[in-house]
Amino acid sequence: MNLHRMFFVLALFIFSSCAIKSQKGTTDFIKPVNLEERTTTAIVISDLFYADNYDLEFLPNDNFKLELDSSNTILKITPSESFSGLSLIAFRMNGNEYQIPVKLHKRKKYLFTYKPEGNPESVNLFGQFNGWNRNNLPMSDEDGDGVYQIRVPLDPGRYEYKYYIDGKELIDPENPVKVPNGFGDYNSVIIIEKIQSDKQFLHLLGYKRSDDSITYNFYYESLLKNLLTPADVIALLDNSKIPGQNIVIDGNEISIGFNEAELQGENIIRVAVSKSGIATNFQTVRLKDGMPLGNNGFESWHDAIIYSIMLDRFYDGDTTNNSPVEQPDLSYKANYQGGDLQGLTDKIQRGYFDSLGINTLWVSPIIDNTNNAYREYPPPHRYFTGYHGYWPVSSTKVEEHFGNMKLAQKFVDQAHNHGINVLMDYVANHVHKEHPLWKEHRDWFGVLELPDGRKNLRLWDEYRLTTWFEPYLPSFDYVDSKEALQFMTDNAVWWLKETGVDGFRHDAVKHIPNKFWRTLTKKLKIEVEIPEHKKVYQIGETFGSLKLISSYVNNGQLDAQFNFNLYDVALPVFLYSNNSFELLDLQMQKTFSVYGMDHLMGNVMDSHDKVRYMAYADGDIELNSNDAIEIGWNNPPKVDHPSSYQKLKLHLAYILTIPGVPVIYYGDEIGMTGAADPDNRRMMRFGSSLNQYEKETLKDVSGLIHIRSEHPALRYGDFYTLLANDVCYAFIRSDLNERILVLLNKSNEDQTLELQIPPVYKIRRAVNVQTGESETIESDKLITTVPPIGWKILKLEK
């Protein structure tokens, strides 16, 4: 032991009289705030953390100009011109001092140009980078040469975009790369290459217990030769800054020590390095009595593995409630098919989900829906029923096709008896026109007829907060109706208490104002979370930009949303040989920069709104095909190639080993295929109705799910990329319990990889967690072969 470490151990006892005490003051730990250059960011304080009151005093900070409004509800942060990286903003509340992590990553700006014909009144750029907003990126022709320009700050990655010229959407005529957009047209595609620079990463080395103290060790990886100083290290225990006396720096190694008494109960240690204007990842260590989480069953929502169920299409356990809607032009595909709460309860009791490895069920809405069929607004105006649950006609009644409230409560109780959490799908955006609320409170809803004569139908961006999905589905106007907002947030809390569910999946989140989610979450904290000492998990559905989606994800609103931004990149990478894993890794890093590595975002391969992955993998439908709906009606896919099952399992191996919460859509575990809605909602099949390949897929997918359950590094670990090339992806997940190396190969041939393991890990062998086979690592180098369309999951051991 060197002198630094001898002094450190002694110091833990010398300073015990002034040891840090975790000043939580709130049930939340404050997440980093992302800033932009030369921009003032306004933060709603309740989005940072919940408190009984917000009597705050912010301390001076040279890096930021801070403005707190008179009601102590909004904080405005303006970074200085020189700031980048990661820093802390200190504030006092109730006599204690807390910290807000703040980071700013300077991005390169990229030039977009367009030369239109004639003299247009408006020229705009829009795309994935701004949530397809047609108006907030106006282009200009300042020199009058007829070429309109705009510079946009972008991270490396793949982006689809178009130009919006006087109300017309046009692709980039100077860019030959384009892809179908699913709406009968094309989008242009640009790929921003990663600029090679110094790789900075904070590694987790481990922890040591000695007498009454615990030390946690980290390693700062960087090519920079500058010495690491205490000023470069940012370390928090919950929301309080860890004193310098608890921190020892030895070269690039950081040790943080505590007396065990300081770590009683649940705590979170967060450590990062910010040097030369560049910040590393935040290492987040979740503890209970000083020991890492991950070894004692379901300890937090990071342990969740979600199974998504379209209730009507899962299992028919009570044929007496089978009463399909009668309408001559109504297809069987759009009608009730018999799935119900009794069937779901039966499958729980028979151990289906125990065997599969699932610990959380997201069930489609069980609220009472209309018993009539209605025609869809877009051509060809087919008839649909409310089998899916999203056409509510009651605020308190369970849909009779599914059961009743007593059965709903029994289902939840049975799930809990099997260690399974339940997420209720709650519809807050709209009701069906047969709902009493529409009949009695028209002033609670937006209008269908717009002043310009158009109908406010499916104007997703132009009238985002009031647009209707269908003429018979009036949307709430929560902006102008406080009564509606209070009623519906109270109603959500009522459903949670009445049924005993553990959280919500929220529909159409971006069409509902942030105020709604803040009100609901505050009520849940006050009425459920704090008095019952439980965490209610809320995950939302939003299609849009990272900025839009993340605006709803914070301590004051939702815990997560489904990560469709990652989904949109992952699919073409796994499906097509010309897309490199480097693109996927860039999107992964972008996810981490916004949500952190320890996020709870939902990772999906399929959903009830998307074409099933198997239809793509089997070649029945091209990605973003304009014909996916009609194919589902007229030529529904069937699996023709056994290799497609292996492609599906490879994608699930990825979903089940990355940070976030994996979401398995019912039927994924058997390789169910399907085109667009409603073909992607076929009746689930079990047992003898499965063919040989489906049974093998069920076994292998279950195996992958159990691997995630059995290895805490896959649920709590960081993410360190070793390789991302045209055909292979290799990354390490590390927590305080273990290190897991994941290798993916999408090619049709064996791939022999030579991988350099970080020397600070001191790894000597890699053990295959599926087969038990061991591979030797010499001089920190692993040479291994990954099978075609296959994977390896290896535990790294010293």
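Along each chain, the written sequence defines residue order, and numbers are assigned to residues from 1. pLDDT decides what is reported in this predicted model: residues at 70 or higher carry local features, side-chain atom pairs at 80 or more are listed and counted, and totals for whole chains, interfaces and linings draw on all residues regardless. Heavy atoms from the whole structure form the basis of all side-chain values; hydrogens and water molecules are not counted.

### Focus on the packing of aromatic side chains
Okay, step 1: Aromatic rings from Phe, Tyr and Trp, with only the six-membered ring used for Trp, were paired whenever their centres fell within 6.5 Å, and each pair was classed as stacked if the ring planes differed by under 30 degrees, edge-to-face if by over 60, and tilted otherwise. Under the definition given, this model contains 52 aromatic pairs.
Okay, step 2: Ring plane angle 15 degrees and centroid distance 5.8 Å describe the contact between Tyr 645 and Tyr 693, whose orientation is recorded as stacked. Placement of the pair is Tyr 645 in helix H14 (residues 643–655) and Tyr 693 in helix H15 (residues 692–710), with a sequence separation of 48 residues.
Okay, step 3: Note on Tyr 645: relative accessible area 5%, which makes it buried.
Okay, step 4: The structure contains a cluster of three or more aromatic residues connected by ring pairs, namely Trp 438, Phe 445, Trp 468, Phe 476, Tyr 478, Phe 516 and Trp 517.
Okay, step 5: Look at NZ for Lys and CZ for Arg. If either is within 6 Å of the ring centre and within 35 degrees of the ring normal, a charge sits over the ring. Its guanidinium or amino end placed over the ring of Tyr 315, Lys 347 lies 4.6 Å from that ring's centre, counting from NZ or CZ.
Okay, step 6: Directly above the aromatic system of Tyr 666 lies the positively charged group of Arg 612, at a separation of 5.0 Å from the ring centroid. Secondary structure counts use DSSP, requiring at least four H or I residues in a row for a helix and at least two E residues in a row for a strand, with both numbered from the N terminus. Three labels apply to residues, based on accessible area from a 1.4 Å probe with only protein chains included: buried if under 20% of the type maximum, exposed if over 50%, partly exposed otherwise in between.

### Topic: the packing of H14 against H15
Okay, step 1: Axes here refer to lines fitted to C-alpha atoms; in helices the fit is confined to the stretch in contact. Angles between the N-to-C directions go from 0 to 180 degrees. For the pair H14 and H15, interaxial distance at closest approach is 10 Å and the crossing angle is 10 degrees. When the interaxial angle is binned, H14 and H15 end up roughly parallel. Note on element contacts: H15 touches H14 through Tyr 693, Glu 694, Thr 697, Asp 700, Val 701, Leu 704 and Arg 708, opposite Tyr 645, Leu 648, Lys 649, Leu 652, Ala 653 and Ile 655.
Okay, step 2: A per-class count over the contact of H14 with H15 returns eight nonpolar, one polar and four charged. Roughly parallel refers to an angle under 35 degrees, roughly antiparallel to one over 145, roughly perpendicular to one between 65 and 115, and oblique to any angle outside these ranges. Here, two residues are considered to be in contact whenever any of their heavy atoms come within 4.5 Å of each other. Residues are grouped as follows: Ala, Val, Leu, Ile, Met, Phe, Trp, Tyr, Cys and Pro are nonpolar; Asp, Glu, Lys and Arg are charged; every other residue, Gly included, is polar.

### Some words on the pairing of strand E16 (residues 213–221)
Okay, step 1: By the criterion of burial, E16 is predominantly enclosed, with seven of the nine residues buried.
Okay, step 2: Where strand E15 (residues 201–210) meets E16, nine bridges bridge the pair, whose relative direction is antiparallel. Residue pairing across strands places His 203 opposite Tyr 219, the latter belonging to E16.
Okay, step 3: Bridge count for E16 against strand E20 (residues 253–259) is seven bridges, and the pairing is antiparallel. In the strand pairing of E20, Thr 215 is matched with Gly 257. In short, DSSP must find at least two bridges between two strands for them to pair.

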